[in-house]
Amino acid sequence: MERGVTIGERMETDPRRQSAGPPDRALTERILQIADEAGYRAALIDATDGSVTPWPRFASTVRAAARGLARRGLAEGDTAGVFVQDAVRAAIAVNAIRAAGARTCLIRSDASPADIAARLNACGARVLITSAPLAELAAEGADRSRVRQVIAFGEAEGTTPFSSLLGSGRHSQPDEPAAAEPGFAEKPGFTHEPGRPEGNGLAHERDLADSGEPGSGRGLTYRDVVVACPPCGGGQAYTALLDLTLLTGATLVATPRPLVPAAIRVYKGSAAIVPPGTAVPGLAPDRIFPAA
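Reading the values: the criteria
Residues numbered from 1 in each chain as written. Predicted model: local features only at pLDDT ≥ 70, side-chain atom pairs only at ≥ 80, totals over all residues. Heavy atoms only, no water. Helix = DSSP H or I, 4+ residues; strand = E, 2+ residues; numbered from the N terminus. Buried < 20%, exposed > 50% of the residue type's maximum accessible area, 1.4 Å probe, protein only. Contact = heavy atoms within 4.5 Å. Areas by Shrake-Rupley, 256 points an atom, 1.4 Å probe, with all protein chains shown as cover. Arc of directions from axis to C-beta. Pairing = 2+ DSSP bridges. Axes fitted to C-alpha atoms, helices over the stretch in contact; angles between N-to-C directions. Phe/Tyr/Trp six-rings, centres within 6.5 Å; stacked < 30°, edge-to-face > 60°. Left-handed = near helix turned anticlockwise from the far one by under 90°. Nonpolar A, V, L, I, M, F, W, Y, C, P; charged D, E, K, R; others polar. Disulfide = S-S within 2.5 Å. Salt bridge = Lys/Arg side-chain N within 4 Å of Asp/Glu carboxyl O.

(A) Spatial organisation of the overall build of the protein chain. A count of helical and extended segments in the protein chain gives eight helices and eleven strands. With 292 residues in all, the protein chain has 54% of them scored as buried. A separation of at least 24 residues holds for 68% of the contacts in the protein chain among residues at least 6 apart in sequence. Split by element, the accessible area of the protein chain, about 12400 Å² in all, is 53% carbon and sulfur.

In C-alpha cells form, the structure reads like this:
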C-alpha cells in the first residue's frame, strides 16, 4: 500500500477495485467470535452428501486459510475472486479472504469464462478460489485476467489445493466438510440444546434481522436452518445474506436449486436464499430471501 494512502481511498480511486466487496475483516471477526461461542453445532451442511462443518471447525478452517492466503502473497487491500459451486464453500472462502484483510469478488456459479474474466478484471483480482467441478471454467477465465494463482476446493489439475492453505500436522484441516455422523444430517443441533452465547456483547447479533427492513430476514435466529442455492445474483447481495445467516448463528445448508424443496423437508429449513422468482413450498414470503 502506498505511503499516506488508505485502503479505502485506493478502492475509491482504482476503477478495477470498485466492483469488489469491502475488506471487512471486522465483520468476519464477529462471525468467528460467534463461532467460538456456538458450541458443537452445525454451521454448514452440504445437502448433496450430508457432510457437516461444525462451528469450531468452520472457525479454525477460516483462520488457517487466512494465514495460508497471506503466506501465498494475498496482502491487505488486495482482491480475491470466489467462483464456487455452493454456499458452504462460498462462506468459507469469503470469510478466509476477509480474515486476511482482502476484498472478495463473488462470481455466479453459472458464469461463463468470459463472464469470469470480466468480473476478475473489473475488481483487479490476482487470486481466484474455485471448486474442483468448476476448475476448468475458472482456469479459462483466469487466463484472460490478471489472476496468477487459482486455488481449488478438492483436486483439480493446474490448481493449488485449498487444503495447502491450512498448514500441516495435528492442526491441519481437510479442504472438504467432515462426513456426517449417523443421523446428524437431519438434526443440525444434535449434541445439546443450544443456548444464546454470552460475552463480548454478541448476543444482539442473533437479532440483526429485527431491523424492520422489508426482506432483511426479520426474525432470523440461531435456531433457524437456512437453505441456500449456489452463488447467484449480485455478489455483494448474496454475500450479505450468507453473512446474515452466520451472524445470527443459524445453520447454512447448501443445495442445488432443484433440490431446495427436498432440503427444506429433510433439514427442517425455516428460510431460504434463492434466485428471484424461485418457489419454495412451505415457507412464508418473508422467509424467502432473493439474491437478485
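Now, onward.
(B) Structural view of the environment of P285. By secondary structure assignment, the location of P285 is in the loop between β10 (271–274) and β11 (288–290). In this structure the C-alpha to C-alpha distance between P285 and A272, which are 13 residues apart in sequence, comes to 10.0 Å.

(C) The arrangement of helix α6 (residues 135–143) in detail. Along α6, the residues classified as buried are A135, A138, G141 and A142. Along the long axis of α6, the arc covered by the buried residues comes to 125°, so they all point the same way. Exposed residues lying more than 90 degrees from the buried face of α6 are E136 and D143. Buried residues in α6 make contact with β3 (79–83), α5 (113–123), β5 (127–131) and β6 (149–153).

(D) Here's a closer look at unusual backbone geometry. At K268, a residue that is not glycine, the phi angle is positive and equals roughly 55°. Looking at the secondary structure, you find K268 in the loop between α8 (260–266) and β10.

(E) Representation of the sheet that holds β11 within the structure. In spatial order, the strands read β2-β1-β9-β8-β10-β11; together these six strands make up an open sheet with mixed pairing. The open sheet has two edge strands, β2 (51–54) and β11, and neither has a second partner. The mean inter-strand angle of the sheet, taken between neighbouring strand axes irrespective of direction, is 20°. Against the sheet, helix α7 (residues 235–247) engages β1 (42–46), β8 (225–228), β9 (251–254), β10 and β11, with an angle of about 160° to β10.

(F) Spotlight on the packing of aromatic side chains. The full count for this structure, using the stated rule, is two aromatic pairs. On the numbers, 6.0 Å between centres and 90° between planes, the contact of W55 with F58 is edge-to-face. Highlighted residues: W55 and F58, both in helix α3 (residues 55–71), separated by three residues, approximately one helical turn. W55 sits in the buried class, given a relative accessible area of 0%. A ring pair is formed by F153 and F162, whose centres lie 4.2 Å apart and whose planes are at 20°; its orientation type is stacked. F162 carries the same exposure label as F153, and that label is buried.

(G) Here's a closer look at the packing of helix α2 (residues 25–37) against α7. Closest axis-to-axis distance for the α2/α7 pair is 9 Å, and the angle between their directions is 35°. Relative to α7, α2 is oriented so that their crossing is left-handed. Between α2 and α7, the contacting residues are L27, R30, I31 and I34 on the first element and D243, L246 and L247 on the second. The class makeup of the residues in the contact of α2 with α7 is five nonpolar, no polar and two charged.

(H) Layout of the environment of G282. The residue G282 is located in the loop between β10 and β11 in this model. Assessed through its relative accessible area of 81%, G282 is described here as exposed. For the pair G282 and P261, spaced 21 residues apart in the sequence, the C-alpha separation amounts to 8.3 Å.

(I) Quick peek at the pairing of β1. In terms of burial, β1 is largely enclosed, as five of its five residues are buried. When β1 meets β2, the two strands line up antiparallel, connected through four bridges. Within β2, the residue paired with A42 across the bridge is P54. Connecting β1 to the antiparallel partner β2 that follows it, the hairpin turn spans four residues, and G50 within it adopts a positive phi of roughly 75°. Across three bridges, β1 lies against β9 in parallel orientation. Bridge assignment links L44 to a residue of β9, and that residue is L252.

(J) Expanded view of the state of the cysteines. Under the definition given, this model contains zero disulfides. In this structure C229 is a free cysteine whose sulfur lies 5.9 Å from that of C232, the closest cysteine sulfur available. A residue is classified by how much of its surface remains accessible, and C229, at 1% relative accessible area, is buried. According to the relative accessible area criterion, C232 is buried, its value standing at 6%.

(K) Inspection of the pattern of salt bridges at higher detail. Applying the stated rule across the entire model yields seven salt bridges. D86 serves as the salt-bridge partner of R89, at 2.6 Å between the closest nitrogen and oxygen. Of the two residues, R89 and D86, both sit in the buried class. R287 serves as the salt-bridge partner of D224, at 2.4 Å between the closest nitrogen and oxygen.

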